[in-house]
Amino acid sequence: MLNSKIPSGPLDQKWTEFKGHCKLVNPANKRKLEIIIVGTGLAGASAASSLGELGYKVKAFCFQDSPRRAHSIAAQGGINAAKNYQNDGDSVFRLFYDTIKGGDYRAREANVHRLAEVSGNIIDQCVAAGVPFAREYGGLLSNRSFGGTQVQRTFYAAGQTGQQLLIGAYQSLERQVALGNVTMYSRHEMLDIVKIDGKARGIIARNLVTGKLERHFGHAVLLCSGGYGNVFYLSTNAMGSNVTAAWKAHLKGAFFGNPCFTQIHPTCIPVSGDHQSKLTLMSESLRNDGRIWVPKKQNDTRRPNEIPEEERDYYLERRYPAFGNLVPRDVASRAAKERCDAGYGVGTSKQAVYLDYADAIHRYGKGEVNKRNLENVSEEEVIRLGKEVVKEKYGNLFDMYEKITGENPYEVPMRIYPAVHYTMGGLWVDYELMTSVQGLYCLGEANFSDHGANRLGASALMQGLADGYFVIPYTIGNYLADEIMTKAIPTDHPAFVEAEKEVADRINRLMNIKGKQSVESLHKRLGKIMWDKCGMARNEAGLKEAIVEIQALRKEFWSDLRIPGTIEEMNPELDKANRVADFIELGELMCLDALNRRESCGGHFREESQTEEGEAKRNDDEFSYVAAWEYKGEHQWELHKEALNFEVAKPTQRSYK
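Residues numbered from 1 in each chain as written. Predicted model: local features only at pLDDT ≥ 70, side-chain atom pairs only at ≥ 80, totals over all residues. Heavy atoms only, no water.

**Let's talk about the overall build of the protein chain**
Under the convention used in this document: The way it works is that DSSP assigns letters per residue, a run of H or I at least four long becomes a helix, a run of E at least two long becomes a strand, and they are numbered from the N terminus. Put simply, the radius of gyration uses C-alpha atoms, and a globule should come to 2.2 Å times the residue count raised to 0.38. Burial here depends on accessible area, computed with a 1.4 Å probe over protein chains only, as a share of the maximum for the residue type. Under 20% is buried, over 50% is exposed, and the range in between is partly exposed. The contact definition used throughout considers only heavy atoms, calling two residues in contact when any of these lie within 4.5 Å. Each accessible area value is a Shrake-Rupley result obtained with a 1.4 Å probe; residue values ignore everything except the protein chains displayed when judging cover. In this count, Lys and Arg are taken as positive residues and Asp and Glu as negative ones, while His and the chain termini are left out. All charge positions are set by atom: Lys at NZ, Arg at CZ, Asp at CG, Glu at CD.
A tally of helices and strands in the protein chain yields 17 helices and 20 strands. At 24 Å, the protein chain has a C-alpha radius of gyration in line with the 26 Å of a compact globule built from 657 residues. Principal-axis analysis of the C-alpha atoms gives the protein chain an extent of 80 × 55 × 50 Å. Within the protein chain, buried positions represent 60% of all 657 residues. Of the contacts formed within the protein chain by residues at least 6 apart in sequence, a portion of 73% connects residues at least 24 apart. Accessible surface computed for the protein chain: about 25000 Å², of which carbon and sulfur atoms make up 48%. Of the side chains in the protein chain, 83 bear a positive and 85 a negative charge, and the two mean positions are spaced by 2 Å.

**Regarding empty space enclosed by the protein**
So the rule is basically this: In this analysis a 1.4 Å probe is tested at points of a 1 Å grid over the protein atoms alone, and where it fits but cannot get out there is a cavity; an open set with protein on both sides within 12 Å along at least five of seven lines is a pocket; lining residues have an atom within 4 Å of a point. Grid points are joined across faces, edges and corners, and a volume is the space filled by probe spheres set on the points. Note on residue categories: nonpolar means Ala, Val, Leu, Ile, Met, Phe, Trp, Tyr, Cys or Pro, charged means Asp, Glu, Lys or Arg, and polar means any other residue, Gly included.
Applying the stated criterion across every chain, the model contains three cavities of 30 Å³ or more. As a volume, the largest cavity reaches approximately 60 Å³. Lining the largest cavity are Thr262, Gln263, Ile264, Asp330, Ser333, Arg334, Met536 and Gly603. Listing elements by their share of the lining of the largest cavity, those giving two or more residues are strand S12 (262–268) and helix H9 (329–344). Partitioning the lining of the largest cavity into residue classes produces two nonpolar, four polar and two charged. A volume near 40 Å³ is recorded for the second largest cavity. Classifying every residue of the lining of the second largest cavity by side-chain character gives five nonpolar, four polar and one charged.

**Brief notes about unusual backbone geometry**
Of note, the phi angle at Ala158 is positive, near 50 degrees, even though the residue is not glycine. For Ala158, the location among the structural elements is in the loop between strand S5 (154–155) and helix H6 (161–179). Taking the relative accessible area as the measure of exposure, Ala158 reaches 29% and is therefore partly exposed. A positive phi is found at Asp197, a non-glycine position, where the angle reads about 55 degrees. Structurally, Asp197 can be placed in the loop between strand S7 (188–196) and strand S8 (199–207). For Asp197, a relative accessible area of 77% translates into the label exposed.

**As for the nonpolar core**
Just so we agree on the cut-off: By nonpolar core we mean a set of buried residues, namely Ala, Val, Leu, Ile, Met, Phe, Trp, Tyr and Cys, connected to one another through side-chain atoms within 4.5 Å.
Membership of the largest hydrophobic core comes to 153 residues, with the highest contact counts inside it found for Ile79, Leu222, Leu223, Tyr441, Ile476 and Phe557. Looking at which element gives the most residues to this core, the answer is helix H16 (residues 572–596), with 12 residues. With sequence-adjacent residues up to four places away left out, Phe557 is seen in contact with Leu510, Ile513, Leu522, Ala577, Val580, Ala581 and Ile584. Leu355, Val389, Val390 and Tyr656 belong to the second-largest nonpolar core, a separate cluster that totals 33 residues.

**A closer look at the pairing of strand S13 (residues 291–295)**
The test is simple: Paired strands are those between which DSSP finds at least two bridges.
By the criterion of burial, S13 is predominantly enclosed, with five of the five residues buried. In S13, alternate side chains face the same way, and those of Arg291, Trp293 and Pro295 on one face and Ile292 and Val294 on the other are all buried. Sheet topology places S13 next to strand S15 (residues 353–356); three bridges connect them, and they run antiparallel. Considered in S15, the bridge of Trp293 is made with Tyr354. Here S13 runs beside strand S14 (residues 312–313); their pairing, made up of two bridges, is antiparallel. Across the sheet, the residue bridging to Pro295 is Arg312, located in S14.

**Regarding the packing of H6 against helix H12 (residues 460–480)**
Our working rule: A fitted line through C-alpha atoms serves as each axis, taken over the contacting stretch for helices, and the angle formed by two N-to-C directions is quoted from 0 to 180°. When an angle is under 35 degrees it counts as roughly parallel; over 145 it counts as roughly antiparallel; between 65 and 115 it counts as roughly perpendicular; any other value is oblique.
Where H6 contacts H12, the axes come no closer than 11 Å and their chain directions differ by 10 degrees. For the element pair H6 / H12, the angle class is roughly parallel. On H12, the residues that touch Thr161, Gly162, Leu165, Gly168, Ala169 and Ser172 of H6 are Leu461, Leu465 and Tyr469. Within the contact of H6 with H12, the residues separate by chemical class into five nonpolar, four polar and no charged.

**Let's talk about helix H5 (residues 109–128)**
Selection criterion: By this rule, a helix spans an expected 1.5 Å times one less than how many residues it contains. Consider a residue and the seven residues that end there alongside the seven that start there; fitting an axis to each set, the bend is the angle between those axes.
Here H5 contains 20 residues, and its C-alpha end-to-end distance of 30 Å stays within 8% of the 28 Å for a straight helix at 1.5 Å per residue. Remark: the principal bend of H5, roughly 40 degrees, maps to Val118. Of all the 20 residues making up H5, 14 are buried; the element is thus mostly covered by neighbouring parts of the structure. With its phi angle positive at about 95 degrees, Gly130 sits one or two positions after the end of H5.

**Some thoughts on the packing of H5 against H12**
Where H5 meets H12, the axes come as close as 9 Å, and the angle between the chain directions of the two elements is 100 degrees. Judged by the angle between their axes, H5 and H12 are roughly perpendicular. Between H5 and H12, the contacting residues are Arg114, Leu115, Val118, Ser119, Asn121, Ile122, Gln125 and Cys126 on the first element and Met462, Gln463, Leu465, Ala466, Tyr469, Phe470, Val471 and Thr475 on the second. Looking at the contact of H5 with H12 residue by residue, the class counts come to 10 nonpolar, five polar and one charged.

Keep in mind these numbers describe shape, not what the thing actually does.
Given below as structure tokens:
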């Protein structure tokens, strides 16, 4: 049985109850305990700085040359918190409820409520760390709207919120490095977990510059290695983002939770051809002011500015009047696909819709005219003033769009289309963020915990920082309090020797295939299988085909792969091969999980399970659980179920109308 370790008592007192009764480690004993942290994005950097500040001996591993390169910087739009500065009806409960509902009732209530509770503290922490959040004229922090909510609770720093939050966490981390509490290992990639007597006691890492394998001991190991969206090849993720750390832990006994729950983001620059290796995200914050539309006439080839207002279909506003353009990401993505599939798509590919700022520019311009008490202002001047306001709010995003497409979004509507973004699945963790392996924790996007089947926008930054700054400092002490008598285990222990040998053997096997195909070509083929058959829509026949095709691709990979160079040198192709091998295995499990979950919920849309209006149709009687998969051997997994009990947010059919 899965023990989620949820504290007893009323929902809004569980976290307080836990903190009041968990075990503590005194400062002198903290200095004797070593903690390994894999990944230094928002979750990893905040955890490393917090645990270093507490006095633990922390070793942080980063596969980039600096933590500042983590993919967390790409989360541009904002971070949610229930501060209710606007006095518009927000509260901890409403943030909790919106997140549960947005996740289509497939998240654990206790974890989500804790997230909502600590959200306000995150903002205070980040302001203290110097994060330059936008402010209103009176000095209060500014907020904007995001999908799935009817209040303004998203704090932001122009269009680079993730970057500014990461710099804040990075500065805190570097302070601990300077004090000697944290040791940084950059350009190191974790390739295996070391278990001794059933507990995680260290890792095997590869120095990506020299190619040498290293052994590192820790009383506990924290995985903060991000999501696995690159299993689809084309995604909004940085090209280095991978599943390897989580997958190695999975092979060593950590259950994988809800692997098929993938988020498709509706606001991406459309695919332009086969040459692309990644996609670019236009922040969801743009839906705060932009209006999404397609022509009312099929296969309309006119330029957008030539199409009069009465011939435009603002389909989100039409279908979902209560939320309009701010429906959750899964709803907006499916609606865009439906319009394009029906022949109303725009651009040369016809796989795009318009995101239009003309109304917002005019509205902001009129506001500036009123603020400045101007008279007899021309329409051109109104538009000029409006563009200035939009530039201040979203300028770097507009600049990025123009650089990529060559079109000026102040003058011509942007073209957008859905693309793979965030992964809600990840390693299964209990309330304390511990996996099914003792002493092995998982934080941030790498775990499954807080978003259910669909993540609301501006919640990724919130979860990563909540886990690192405010949750793990308490929960890890509950475990390490019983480990204070455990001496550091020498890395010549047989378990370390065996783990390193397994890693070395796998690398040698990869290098000795000496086939004809590149890693990139095989990864691209995997991505096409996943997108076509386990992407925005899934069905039973397609998923069964995908599993067979992935198994065949895996055989081809291990028999016809070509990796240039040698092992003991900087060899990015070898690094990539390691990661793609893990993606192939993960892809099979994702399709198995999607096949097993015969319902539609959030981003998981089974074509066999939809309402008459084409919305996701859940099956709570059979599937109100977390699917936690245990690895049993090649092509073999055993399903464990954690029942989801909703005491406060009673499941209903999601409606944003």
